[in-house]
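In case you want the letters, here they are:
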Amino acid sequence: MVDENKLCVFTGYGDLDEAAVADHLSHIIQFPTIADRDLEAMDIGPFLGLRGYLEKTYPLVHQNCEREIIAGASMLYRWPGSGKGGKKPILLMAHQDVVPVTPGTEEDWQHPAFDGVIADGHVWGRGAIDMKNMLCAEFEAMEYLMQRGFTPDRDVYLALGHDEEVGGSGAVATAQHLLEQGVEIDFIMDEGGKPAHGEDFGASDVLVATISVFEKGYCDLQLISRSPGGHSNRPGKTTALGELAKAIVALEASPMPAELPEPFVRFYSLMGPYLDDPRMRELCTDLPNRMEEFIALLEETPQGNAMVRTTTAVTQAWGSPVNNVLPQKAVAGVNFRLNPRDTVASLLEHVRKAIHNDAIELRVVEAREASRVSPTDTPAYALIEEVMHEFYPELIVASNGLLGGTDSRKYECVCDNIYRFYPFFDTSKYRASLHGTNERISVSDLVRGTRIMIRIIEKACQ
Amino acid sequence: MAKLDAKTAYPELDSMEIARHLGGMVTYKTMVNKEYAGIDWSQFEGFQKYLRETYPLTHEKLELTMIGGYTMLFRWQGSGKSGKKPVLFMAHQDVVPVTPGTEGDWEHDPFGGEIIDGFVWGRGSTDCKSTLCLTLEAVEYLLKKGFVPDRDIYLEFGHDEEVGGEMGAGAAARYCEENGIQFDAVFDEGPGFNHGEGIDVGETLLYTVNTFEKGYLDLEIAVNSKGGHSSKPEEHTALGDLARAIVKVEDRKFPADIPLCVQQYLEAAGPYIQDEELRTLCADVVGNKEKIMEIMMRTPTGCAMMRTTTAATMAAGSPAPNVLPQRATAIVNFRLNPSETVESVVEYVREAIGDDSVELTVLNGKDPSNMSSIDSEAFAVMKKTVNAFFPEAVVVPLGSLGGTDSRRFETVCPHVYRLSPINNAPYKKNGYTSGAHGTNEKAVVESLAPAAALYIELMKNLCTQEGRAL
């Protein structure tokens, strides 16, 4: 297996205090910044604690930047640039909040989730890879550059949401604030794509950095079937639940149309020669002409299927409250993830046709469209690619899309070039710990990521 | 035999007095639950104390054995002259709770036992404290008159019928078995007077006696999968697989047939059926079986008579919309006709699903009851008694879709009959509904004395030489 620590050729910023970076992240983790959809119900103490810690730890950032508190606990920093470049500002993102530890799993942690223990070359705790690492690296990078007298030639914004994990009202408000101020952003960096070992993509011998240029949409839909109910001893031909079951079967039998989104087409065009699977490798040599076969191959795995289509997952169901009472109402919950080609409206039309039963009511519980697809032929995209190549000359940089959601989508009103990329290998290496147990990051990955952020800011703003 | 008039024959029976007794019983919240946890037994104790005070002779003359703590088994020792096995009259003390949230829909306190507008109001006023009350009224009356039965009469009042009857009637039946007590006939709650079930007999008064109870099965169907995040689902989730299983189970209906009790029902009630085609066909139920089934199975009630029914009722999947279910479950409720057993239904379902990875678990299961003969002496005596008061009534057997405690006594009795002494048919025409298990449960006051008279007459006829003579 390729070792990312050995392959890194970048030797700059040798004076970065690596131990201090790890120590800072350790402290940042110790604030249990758990968000709540209801700001009133949220324990704001840890957020205030974190804010105070940042002020103390990164004095230059707080001296040189304007800061606004938005939506109660989100923060927006502006590092004013010289304006010499005539370029639009950039926006770096991270979220302050973390998910809670699942009750009952506390004991499974090797080190308590909110102690920020540094051991075995790692910083342990909730948020270590999602995404206090990025928050820490951004502050470290800015403080480092300020210490060395660097003045950016354009404004640098830093937006730190407080409730990404529970909806992202902070990001919505921050984006709205920027819009009202007439601020237009050149490009955004947020969580999503990352450098990783090629195994994740079926290419064992290479390192791959993905820059996610879109995120899928989301729809929780309920299918509702009704009947008069009554005692189960005289059920008639079917029940509301039986009718619902037919609808579920019809829906699963009629998947949404498949099409490989453009960012994935480019991903496989680049990755083709390095893929382990000979069939895929061969198809990728002539992808435009062999797309049907390629899609059929991708469809064989859940991961690949999720790339090529809006997915359908029947997850929840409810019937009667009692064994021997006919359900008056039977409900199924279906979760869809929308590819950019589909909209919530077109999805509903598809579902309606697939079920082919007007007696089944459709109720959208929660929905958002797929994000826009950011272009890859921009100076900003090229800049991220260049910086990554400064660290790893052989690494392949390729675009893709995210199955889940991030706060960055909310900034579409002020930015066309939203690049979901954060420079940490450990996000994929320890992905089982993300929202799980024993979340951690290696110190080497943390400091390398910090150096990558310094380099990106420096290059983007000079 | 001359028509017997309850008022003339039993002038001392007073509907209002019986109503007060019944109302008194309703005031005790005799509720149990499946878990047998947190039960307020003082309600049962109070109820039984009330019975002692209200029916002193019964408690003085009859031998009472307490079973499972609160189930009452009375033995009224007869003269033994007839040499016949005893008869058993059943009812249950427990009632179902008022469904939370519906309290406000009651016109009167569900546990007030008030007598208002000609009704006794409250939970249990029909199911089943009315039968319990009328049984004791009959016994008390006969004792007062110095009546001595020529065989033993037993009374059994269970305390957990509504949650299965295991601790009450189940234990009582085992007690009888262990003590060599066998019965000639058992009488328990059932339909009685009505104007037809599954068929339209117009104004004809039927007296329906259930000689059979369908079996019962709650089957859990479960599909397991590894779960995971909903952003990368497999082609089918566990819930999708479950839905396919449900559709297969619903599609594979059980074979239809006319059980013997339904055949006997149609033979007896056939001449009164309004629909000419069905009436004509019922002249030869066996010969016209297919055609009769086709017509009757147009309604859910008809279907329920002819086959083991399938009803998918409950379902559960993942705890969150964006999490793939690791386990998806559904509960399907079956009511078994005589040709099936719990085991055969599970096998049938397994074949229908055709996928061994789908788990089947029997949550609650009981086989169909025996089918009691209508050619017994007890049935004939019962029929004669009903017709003495109501010469126009057509006494018919039928099967019950639900269950009662009585089937537990099959081990000690070949003839189990489920009926009711109360004639509500005229009141139902005017919009009366019993409200059993529902809201505004109530009994018609003026129906009570005639019902007591019917039970008195039934006991007398069963337990005297003249009564049994046809």
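The rules behind the values
Residues numbered from 1 in each chain as written. Chains lettered and ligands numbered in written order. Predicted model: local features only at pLDDT ≥ 70, side-chain atom pairs only at ≥ 80, totals over all residues. Helix = DSSP H or I, 4+ residues; strand = E, 2+ residues; numbered from the N terminus. Rg over C-alpha atoms; globule rule 2.2 N^0.38 Å. Buried ≥ 20, exposed ≤ 12 C-beta atoms within 10 Å, placed from the backbone. Contact = placed C-beta atoms within 7 Å. Expected span 1.5 Å × (residues − 1). Domains from an automatic or database assignment. Nonpolar A, V, L, I, M, F, W, Y, C, P; charged D, E, K, R; others polar. Pairing = 2+ DSSP bridges. Axes fitted to C-alpha atoms, helices over the stretch in contact; angles between N-to-C directions. Parallel < 35°, antiparallel > 145°, perpendicular 65-115°, else oblique. Left-handed = near helix turned anticlockwise from the far one by under 90°.

Asks: How do you make sense of the overall build of chain A when you look at a structure like this?
Replies: Helix and strand counts for chain A come out as 15 helices and 18 strands. For chain A, whose C-alpha radius of gyration is 24 Å, the value lies close to the compact-globule estimate of 23 Å for 462 residues. Taken across its 462 residues, chain A has 51% of its residues classed as buried. Relative to all contacts within chain A whose residues are 6 or more apart in sequence, the contacts with residues 24 or more apart total 80%.

Asks: Would you mind showing me how to read the overall build of chain B here?
Replies: From N to C terminus, chain B includes 16 helices and 18 strands. Its C-alpha atoms give chain B a radius of gyration of 24 Å, near enough to 23 Å, the size a compact globule of 470 residues would have. The principal-axis extent of the C-alpha atoms belonging to chain B is close to 80 × 55 × 45 Å. Across chain B, contacts joining residues at least 24 apart in sequence account for 79% of those joining residues at least 6 apart.

Asks: What's the story with helix α5 (residues 129-144) of chain B in this structure? I'm lost.
Replies: Each turn of an α-helix holds 3.6 residues, which means side chains three or four residues apart point in the same direction. Residue and element names in this part refer to chain B. Between the first and last C-alpha of α5 there are 22 Å, a value that for 16 residues agrees with the 22 Å anticipated at 1.5 Å per step. Counting buried positions along α5 yields 14 of 16 residues, so the element is predominantly enclosed. Positioned one or two residues after α5, G146 has a phi angle of 75 degrees, which is positive.

Asks: Explain the domain arrangement of chain A here, please?
Replies: Bring the parts together and some accessible area is lost; that lost area is often taken as the interface size. Residue and element names in this part refer to chain A. Domain annotation of chain A identifies domain 1 (4-214 + 371-460), domain 2 (217-252 + 309-364) and domain 3 (258-308). Between domain 2 and domain 3, the contact holds 6 residues from the first and 6 residues from the second. Across the side of domain 2 that touches domain 3, the residue classes break down as 1 nonpolar, 2 polar and 3 charged.

Asks: It is not clear to me how the pairing of strand β10 (residues 215-224) of chain B should be interpreted in this structure. Could you clarify?
Replies: One face of the sheet, then the other: side chains in a regular strand alternate in exactly this way. All names here are of chain B. Bridge analysis of β10 against strand β14 (residues 327-336) gives 10 bridges, and the strand direction is antiparallel. Along β14, the bridge assignment pairs Y216 with R335. As judged from the 7 bridges shared by β10 and strand β15 (residues 359-366), these two strands associate in the antiparallel manner. Bridge pairing in β15 places L217 opposite G365.

Asks: It is not clear to me how the domain arrangement of chain B should be interpreted in this structure. Could you clarify?
Replies: Each assigned domain of chain B is listed with its residue range as follows: domain 1 (6-190 + 404-468) and domain 2 (214-366). For domain 1 of chain B versus domain 2 of chain B, the distance between C-alpha centres works out to 34 Å.

Asks: Where do I start with the environment of D286 of chain A in this structure?
Replies: Within the element layout of this structure, D286 of chain A appears in the loop between α9 (278-284) and α10 (291-298). Separated by 14 residues in sequence, D286 of chain A and G272 of chain A have C-alpha atoms that sit 9.5 Å apart.

Asks: Just to check I follow, could you spell out the sheet that holds strand β18 (residues 440-442) of chain A for this structure?
Replies: In sheet architecture, strand pairing relies on hydrogen bonds along the backbone and comes in two forms, parallel and antiparallel. Residue and element names in this part refer to chain A. Pairing is antiparallel in the open sheet, where 3 strands are placed in the order β4-β5-β18. Of all strands in the sheet, those with a lone pairing partner are β4 (118-119) and β18, marking the two edges. Sheet strands touched by helix α2 (residues 18-29): β4 and β5 (122-124). Its angle to β5, the strand with the most contacts, is close to 10 degrees. Contacts between helix α15 (residues 443-460) and the sheet are confined to β5 and β18, with β18 contributing the most and set at about 75 degrees to the helix.

Asks: Mind showing me how you'd approach the interface of chain A and chain B here?
Replies: Tallying the contact residues gives 40 residues for chain A and 42 residues for chain B. Looking at the side of chain A that touches chain B, the elements that each hand over two or more residues are α7 (240-252), α11 (302-308), β12 (311-318), β13 (325-326) and β14 (329-338) of chain A. Residue contributions to the side of chain A that touches chain B peak at 8 residues, all from β12 of chain A. Its residues assigned to classes, the side of chain A that touches chain B shows 17 nonpolar, 18 polar and 5 charged.

Asks: Hey, could you run me through the packing of helix α7 (residues 238-251) of chain B against helix α12 (residues 342-353) of chain B in this one?
Replies: Residue and element names in this part refer to chain B. Running from N to C, α7 and α12 point in directions that differ by 120 degrees, and their axes come no closer than 8 Å. Between α7 and α12, the crossing angle belongs to the class labelled oblique. The two elements α7 and α12 meet at a crossing, and its hand is right-handed. Where α7 approaches α12, its residues A245, K248 and V249 are matched on the opposing element by V349, A352 and I353.

Asks: Would you mind showing me how to read unusual backbone geometry here?
Replies: Phi is mostly negative for residues that are not glycine, and the peptide bonds are mostly trans. Residue D130 of chain A is joined to M131 of chain A through a cis peptide bond whose omega torsion reads -15 degrees. When you line up the elements, M131 of chain A lands in the loop between β5 and α5 (132-147). The peptide bond linking D127 of chain B to C128 of chain B adopts the cis configuration, its omega dihedral lying at 10 degrees. Looking at the secondary structure, you find C128 of chain B in the loop between β5 (119-121) and α5. The phi dihedral of D117 of chain B falls on the positive side, at around 55 degrees, and the residue is not glycine. Relative to the helices and strands, D117 of chain B resides in the loop between β4 (115-116) and β5. The phi torsion at N440 of chain B lies on the positive side, around 60 degrees, for a residue other than glycine. Residue position: N440 of chain B is located in the loop between α14 (425-429) and β18 (442-444).

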